[in-house]
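Secondary and tertiary structure notes
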Protein chains: 2
Amino acid sequence: MPDPSPGARPTLEAVAARAGVSRATVSRVVNGGAGVRRPLVERVRRAVEELGYIPNHAARTLVTRRNGAVAVIIAEPEFRVFSDPFFEQQVRGISRELTAHDSQLVLLWVEGAGDYERIARYLGGGHVDGALAFSVHDDDELPSIVRRVQVPTVFGGRPGWPGATGELAVPYVDADNRGGAREAVRYLLAQGRGRIAHIAGPRDQTSATDRLAGYRDVLLDADPDLVAQGDFTEESGARAMAELLERRPGLDAVFAGNDLMASGALRVLRERGLRVPEDVALVGFDDMASVAEATDPPLTTVRQDIEGMGRLMVRLLMRALHQDGGPGAPDAAPGSVITPTELVRRASA
Amino acid sequence: MPDPSPGARPTLEAVAARAGVSRATVSRVVNGGAGVRRPLVERVRRAVEELGYIPNHAARTLVTRRNGAVAVIIAEPEFRVFSDPFFEQQVRGISRELTAHDSQLVLLWVEGAGDYERIARYLGGGHVDGALAFSVHDDDELPSIVRRVQVPTVFGGRPGWPGATGELAVPYVDADNRGGAREAVRYLLAQGRGRIAHIAGPRDQTSATDRLAGYRDVLLDADPDLVAQGDFTEESGARAMAELLERRPGLDAVFAGNDLMASGALRVLRERGLRVPEDVALVGFDDMASVAEATDPPLTTVRQDIEGMGRLMVRLLMRALHQDGGPGAPDAAPGSVITPTELVRRASA
DNA sequence: GGCCGTGCTGAGAGCGCTCTCACCCCGGCG
DNA sequence: CGCCGGGGTGAGAGCGCTCTCAGCACGGCC
């Protein structure tokens, strides 16, 4: 009875008819009900309920030019993308915050370099209100694409391409890698450690170079041989540790660029019969639960609120979106945000 | 010059005007150009090019009732969802196939039990053409929801709830777990192994119970003490192996429910001084690269084409979608598909 | 040579919604 | 008591596209 033709979804029109009001009034009620008298609101609400009315998204988008969807762009540089627990947490934060903003998450998986054309077309097609992108490489086309198609975009991780701080700047959210690194090193210093080594992450990722910079900020005249190169993998951490031990056997502390490398370093340290933290104190970065808490001894490390960063990316984007929305405001670029880190003391240092 | 007002995207109308044809003709060309004379097609194409015309998705959806989007529903039972390499590969397959079908992937992350209401509303709102869901638990609400809101849905993994083979059946894609298990056990048999143990995965996942069933298919009168319970984690594999060794020290082969458990079992085997495969042959399942190739010795295991399964899920869904599309065909449920597995011989057996 | 396909093209009617106005009704004021 | 102003409501014009159907030109047939 409430639904005359079972196949067809009820429209605004149907609700209006049932409630005995105009389409406009129903629309107002559905969108918050501001400026509609109480009894009418009630009546419309009831009609919506009875008919099981659900607004047609496409129709709404057609006129409002908003589609309540945000693209999350994943450029796959290597094998692990998803499997990165880091990424999972970030996406979770994004998903949650998006839900809170009544928006959907559209996943755009870039399938290699040739695929950017497709991405550009999609982004340019106005299918999404904005986009979120991750730690793009320095030569990535993404920044120029989003600029060209004018899609508000927030990046995860500080971009490192030349000019990223100037005219090619993009809004981003990143942890305070440099500050966190400084804190870690200062902590080691405070523990009385004198020869603090660093295992650095890949040179083309700002998260790695920023941490290295933080290390140098504190240890202004650090012995260059106390810095070894890794690539954020466990394996590379082990290799770097071995190298370090060979070059500077007397080192008494290691600040690793991330937990994975710290874990590799720890393995080598124990193999060589060095006690942690007695002989060598060890600090990681990330506070990746599956690693930092699982090692023996558990890792003292620098925590960053990854899920929070995801949420923040969305919030930044939403702010930019609501600020103007319409075209003609080419530079409503949301500002970037650096989120604080926190030293988590466990047993390794 | 081609673009009079820089802010505004060109519409069909604009293209029509520029090409000197009607909107209808432009529409025809944009959608394939069937039934339009050659020269006109060219002219329209050129106009599209010059204006940089991109069809408005919302407008199209409004009339066609198709939105070129498919929801991927992730119900998060435990911590790792994304981080599961299994899942990553599946999503990659889905993403690729969806792209081939010109569709988008909308990620729906279920945030706990109370969140199903939101999911139902979204699915019911006709925002997506169909949905893809994964290895739902037996008491999951998802199947009943998609049934209620009538959204064509394909499941990944054979559902195990009561009635799943009858009136509550849903279309799914799964690997031939049972057949693969049979092959693995037969292989062990052919190697002359007589006391073959099994480390089973969680009882509430059909992938695990199917593998156990396959094991039993071959070893009809298997000693019940040769089966130990695990939960698909490395740790549980180690525990189960220890148990097995205690109960039946004379076992000469182990078929583990997945590679992770096999890896755990391998660890324990070596700790006890047992040689693999000389003393105990070991076979895993999944052929998860990061595990099966990394162990020492590398694992003989049963491979399943995970990415292919993802693609298949999409293909099944698309078939159901194109088959009818409109309402009124309540039971256009696509059939299920079981994909073959393959035994990969490495050094562990 | 007239008639009927056949093949293209264009006109126009929506799809379901939002949003601007015009309108109406009422209270307050002159 | 008439007039003005303001809050509440409805009418109607689109948003950009698809799709049906009418119309037109052309060729083959009787």
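In the block above lies the structure referred to throughout.
Note that the coordinates shown come from a computational prediction; the quantities given were computed from them, not determined experimentally.

1. Looking at the sheet that holds strand E8 (residues 253-256) of chain A
In any sheet, the strands associate via hydrogen bonds between backbone groups, in a parallel or an antiparallel arrangement. Residue and element names in this part refer to chain A. Taken in spatial order, the four strands line up as E7-E6-E8-E9 in an open sheet, and their pairing is parallel. Lying at the two open borders of the sheet, with one neighbouring strand each, are strand E7 (227-229) and strand E9 (281-283). Recorded for the sheet is a direction-independent mean angle of 20° between the axes of neighbouring strands. With three bridges joining them, strand E6 (residues 196-200) and E7 adopt parallel strand pairing. Bridge assignment links isoleucine 199 to a residue of E7, and that residue is alanine 228. Where helix H8 (residues 177-190) meets the sheet, its contacts fall on E6, E8 and E9, and the angle it forms with E8 comes to roughly 170°. Seen against the sheet, helix H9 (residues 206-218) touches E6, E7 and E8 and runs at an angle of roughly 165° to E6.

2. What about the protein's contact with DNA strand C?
Around DNA strand C, 27 residues are found, and the nearest of them are Leu12(A), Ser27(A), Tyr53(A), Thr25(B) and Arg65(B). The sugar-phosphate portion of DNA strand C accounts for 66% of its atoms within 4 Å of the protein, the bases making up the rest. Within the contact set of DNA strand C, a base nitrogen lies 3.4 Å away from a backbone nitrogen or oxygen of Ala59(A). Note that a phosphate oxygen of DNA strand C is positioned 2.7 Å from one of the side-chain N or O atoms of Thr25(B). Listing elements by their share of the surface near DNA strand C, those giving two or more residues are helix H2 (23-30) and helix H4 (57-64) of chain A together with helix H2 (23-30) and helix H4 (57-64) of chain B. A total of five residues in the surface near DNA strand C trace back to one element, the largest contributor, which is H4(A).

3. Brief notes about the nonpolar core
The biggest cluster of nonpolar side chains holds 50 residues, and the ones touching the most others in it are Ile73(A), Leu108(A), Leu123(A), Ile73(B), Leu108(B) and Leu123(B). Setting aside residues up to four positions removed in sequence, Ile73(A) forms contacts with Leu108(A), Val110(A), Leu123(A), Ala131(A), Leu132(A), Ala133(A), Phe134(A) and Leu142(A). Counting residues in hydrophobic clusters, the runner-up holds 46 residues, among them Val70(A), Met313(A), Phe134(B) and Leu316(B).

4. A look at the pattern of salt bridges
Pairing between side chains of opposite charge can happen when the charged atoms of each approach one another. All names here are of chain A. On inspection of all chains with the given rule, the structure shows 54 salt bridges over all chains. When the shortest N-O distance is used, the salt bridge between glutamate 97 and arginine 311 registers 2.9 Å. Of the two residues, glutamate 97 is situated in helix H5 (residues 85-100) and arginine 311 in helix H13 (residues 306-323); the sequence distance between them amounts to 214 residues. Residue class for arginine 311 comes out partly exposed when judged on its relative accessible area of 25%. A salt bridge links arginine 178 to aspartate 217; the shortest N-O distance between them is 2.7 Å. Residue arginine 178 is found in helix H8, and its partner aspartate 217 is found in helix H9; the two are separated by 39 residues along the sequence. A relative accessible area of 38% places arginine 178 in the partly exposed class. Owing to a relative accessible area of 26%, aspartate 217 belongs among the partly exposed residues under this scheme.

Rules used throughout
Residues numbered from 1 in each chain as written. Chains lettered and ligands numbered in written order. Predicted model: local features only at pLDDT ≥ 70, side-chain atom pairs only at ≥ 80, totals over all residues. Heavy atoms only, no water. Pairing = 2+ DSSP bridges. Helix = DSSP H or I, 4+ residues; strand = E, 2+ residues; numbered from the N terminus. Axes fitted to C-alpha atoms, helices over the stretch in contact; angles between N-to-C directions. Contact = heavy atoms within 4.5 Å. Near = heavy atom within 4 Å. Polar contact = N/O pair within 3.5 Å; in protein donor to acceptor, adjacent residues only side chain to side chain. Core = buried A, V, L, I, M, F, W, Y, C linked by side-chain atoms within 4.5 Å. Buried < 20%, exposed > 50% of the residue type's maximum accessible area, 1.4 Å probe, protein only. Salt bridge = Lys/Arg side-chain N within 4 Å of Asp/Glu carboxyl O.

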